[in-house]
Amino acid sequence: MTTDTAPPVSRPRAAFRRWRYARPFWSAIWTGLGGFIIFFLPLAPLGKILQVGIGGIAGMAGGIVLMAMALLTLLLPSQRHTAGIIAVVAGVASFPLSNLGGLFIGMILAVLGGSMAFGWMPNKPPKKWRRFRRLPAPADAASAPDRPLALPGEPA
């Protein structure tokens, strides 16, 4: 009989949950999904897309940039501001460059994910209020005259 209280299945889930809360996870999901839509829409059959040619190449490049920003946001949360701004710019730029930004869906997801990455803040540890409580002033400090302290080697 083991003394562990948690079943072995919940340990990986708890570890993944801690990892996910330590970074802008949903931001990366939305940005990556928007990049995926923008990247693969030009590869659809010709009857289902609006334009093929340079728009397809620009769409694929924009989708790759968005998916790279999603990975950057996930793996380096300290770079979330830069990745968020680039994701929003690439998402908006996909509107004229790639089939109306992945038929609006990819553009909206990229802008949503980029703005979530920019606005995400890491969890702060709980404050210990006892540590920051104001201590009472010493009794002799009120009666001491206001004079500068003497430097070592000087007469007091």
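If you're wondering where the values come from, they're calculated on a predicted model, not measured in any experiment.

Draft legend 1. Representation of the overall build of the protein within the structure. A count of helices and strands for the protein gives 7 helices and 0 strands. Reading the secondary structure of the protein in the N-to-C direction produces α-α-α-α-α-α-α. Within the protein, the proportion of its 156 residues that are buried is 29%. The contacts of the protein with a sequence gap of at least 6 include a subset with a gap of at least 24, amounting to 73%. Total accessible area on the protein is roughly 11400 Å²; 70% of this is exposed by carbon and sulfur atoms.

Draft legend 2. Geometry of the packing of helix H4 (residues 80-97) against helix H6 (residues 105-119). Two elements in contact, H4 and H6, have axes separated by 7 Å at closest approach and are oriented at 160°. Taken together, the axis directions place H4 and H6 in an arrangement best described as roughly antiparallel. When you trace H4 past H6, the crossing you get is left-handed. Packed against H4, whose contacting residues are Arg-80, His-81, Gly-84, Ile-85, Ala-87, Val-88, Gly-91, Val-92, Ser-94 and Phe-95, the element H6 presents Met-107, Ala-110, Val-111, Gly-114, Ser-115, Ala-117 and Phe-118 at the interface. Here the contact of H4 with H6 is built from residues that sort into 10 nonpolar, 6 polar and 1 charged.

Draft legend 3. Focus on the environment of Ile-86. Tracing the backbone through its elements, the reader meets Ile-86 in helix H4. Judged by relative accessible area, which is 35%, Ile-86 ranks as partly exposed. Distance from Ile-86 to Val-65, taken between C-alpha atoms, is 8.4 Å for residues 21 residues apart in sequence. With sequence-adjacent residues up to four places away left out, Ile-86 is seen in contact with Val-65 and Met-69.

About the criteria used
Residues numbered from 1 in each chain as written. Predicted model: local features only at pLDDT ≥ 70, side-chain atom pairs only at ≥ 80, totals over all residues. Heavy atoms only, no water. Helix = DSSP H or I, 4+ residues; strand = E, 2+ residues; numbered from the N terminus. Buried < 20%, exposed > 50% of the residue type's maximum accessible area, 1.4 Å probe, protein only. Contact = heavy atoms within 4.5 Å. Areas by Shrake-Rupley, 256 points an atom, 1.4 Å probe, with all protein chains shown as cover. Axes fitted to C-alpha atoms, helices over the stretch in contact; angles between N-to-C directions. Parallel < 35°, antiparallel > 145°, perpendicular 65-115°, else oblique. Left-handed = near helix turned anticlockwise from the far one by under 90°. Nonpolar A, V, L, I, M, F, W, Y, C, P; charged D, E, K, R; others polar.

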